[in-house]
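One-letter residues, chain by chain:
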Amino acid sequence: MIFLSKDGNDEYINMFARGCGATPVAEFDYADSTDPIVLRGILKHKLMKQCWQDGRTFYYMDTGYFGNGRWKTWHRITRDNLVQTTIKDVPGDRWERHGIKFQPWRYGTKIIVAAPDEKPCKFYGIDLAQWINQTVTTIKQHTDRPVVVRQRAKNRIDRIQNDTLADALQDAHALVTFNSNAAVESILLGVPVFTLAPNAAEPVALQDLSQIETPYYPEQDKLYAWASSLAYSQFHNSELANGRAMEMIK
């Protein structure tokens, strides 16, 4: 496997590589082999799209779906995709380890549109202003509810302390988003979700904005199975370092 570490300094790729008994590389010649590629960050979109085109296996690594605070200790790893979009048949032990409880469903008044930031816009080749305008226009064709557009705070510390999604969802009827982590957090907080791109919350969300007045409220059994599946798709730093993450992926 080829562990691609930006400038050789990606601490999580390096940790994962060494846990697998491999040496990370800062660059490589794509045509020299057909080995699977491990990469981190959505800005590697050209390489991922090339792998899709050629049918070449890659493993995408990014921030975990839940469990992270100020520091990134959990990381999602997905084969040939950006996120885990299906529910796997797995036990609930890893999910229960987090001690997170599903909040009761809320029935607020506002629709919160969590706009994608620069990176997914580049990946999907969209213009942010056009996306916001089109999304809000579509929503307003199907509801009279107030629509609030939320831009993602640039600094991580602001996102988790000062400008939190939890605060924005206090009086929310539904969340509309591209972003998997925002969608997952919203579901956990009891606010239903509409996803507009491949998303980890797909199995427990709707995608059709014409249904904005009637969101999907999954039953607890399905939510538990979904969260358990995501928990088996993300790995702790210690599991990257000791090889356990790759064992589970295989």
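Please refer to the structure higher up on the page.
The model shown is predicted, which means the values in this text are computed figures rather than measured ones.

*Asks:* How should the overall build of the protein be read in this particular structure?
*Replies:* Scanning the protein from terminus to terminus reveals eleven helices and nine strands. For 250 residues, the compact-globule estimate of 2.2 N^0.38 gives 18 Å, and the protein sits close to it at 19 Å. If you line up the protein on its principal axes, its C-alpha atoms span 55 × 40 × 35 Å. Counting all 250 residues of the protein, 48% fall into the buried class. Of the contacts formed within the protein by residues at least 6 apart in sequence, a portion of 57% connects residues at least 24 apart.

*Asks:* Would you explain the side chain of N14 in this entry?
*Replies:* The residue N14 is located in helix α1 (residues 11-19) in this model. With residues near it in sequence (within four places) discarded, N14 still touches S5, G8, N9 and P24.

*Asks:* Could you clarify how one ought to interpret the environment of K46 in this entry?
*Replies:* If you trace the backbone, K46 turns up in helix α2 (residues 45-54). With 77 residues separating them along the chain, K46 and F123 place their C-alpha atoms 8.3 Å apart.

*Asks:* I would appreciate a short explanation of the layout of surface pockets in the present structure.
*Replies:* Over the atoms a probe the size of a water molecule is rolled, and this reveals where empty space is left. Roughly 210 Å³ of volume is contained in the second largest pocket. Lining the second largest pocket, in full, are Y59, I77, T78, R79, Q84, K88, V90, Y232, S233, F235, M248 and I249. Every element with two or more residues in the lining of the second largest pocket is listed here: β4 (74-79) and α11 (244-249). If you tally residues by element for the lining of the second largest pocket, the top one is β4, at three residues.

*Asks:* Help me understand the sheet that holds strand β5 (residues 110-114), please; the structure alone is not making it clear to me.
*Replies:* Whether parallel or antiparallel, the strands of a sheet pair through hydrogen bonds between backbone atoms. What the four strands build is an open sheet, ordered β6-β5-β7-β8; its pairing is parallel. For this open sheet the edge positions go to β6 (147-150) and β8 (193-195), each flanked by a neighbour on one side alone. Pairs of neighbouring strands in the sheet enclose a mean axial angle of 20 degrees, with direction left out of account. Packed on one face of the sheet, helix α8 (residues 180-188) meets β7 (172-177) and β8 and runs near 160 degrees to β7.

*Asks:* Where do I start with the pattern of salt bridges in this structure?
*Replies:* Should the charged atoms of two oppositely charged side chains come close, the side chains can pair. Taken as a whole and assessed by the stated rule, the structure comprises eight salt bridges. As a salt-bridge pair, R40 and D10 come within 2.9 Å of each other at their nearest N and O atoms. Taken as a pair, R40 in strand β2 (residues 37-40) and D10 in the loop between β1 (2-3) and α1 lie far apart in primary sequence, 30 residues in all. The burial state of R40 is the same as that of D10; both residues are buried. The shortest N-O distance in the salt bridge between D80 and R79 comes to 3.5 Å.

What counts, and at which threshold
Residues numbered from 1 in each chain as written. Predicted model: local features only at pLDDT ≥ 70, side-chain atom pairs only at ≥ 80, totals over all residues. Heavy atoms only, no water. Helix = DSSP H or I, 4+ residues; strand = E, 2+ residues; numbered from the N terminus. Rg over C-alpha atoms; globule rule 2.2 N^0.38 Å. Buried < 20%, exposed > 50% of the residue type's maximum accessible area, 1.4 Å probe, protein only. Contact = heavy atoms within 4.5 Å. 1 Å grid on protein atoms, 1.4 Å probe; cavity = no way out; pocket = protein on both sides within 12 Å on 5 of 7 lines; lining within 4 Å. Points joined across faces, edges and corners; volume = space filled by probe spheres on them. Pairing = 2+ DSSP bridges. Axes fitted to C-alpha atoms, helices over the stretch in contact; angles between N-to-C directions. Salt bridge = Lys/Arg side-chain N within 4 Å of Asp/Glu carboxyl O.

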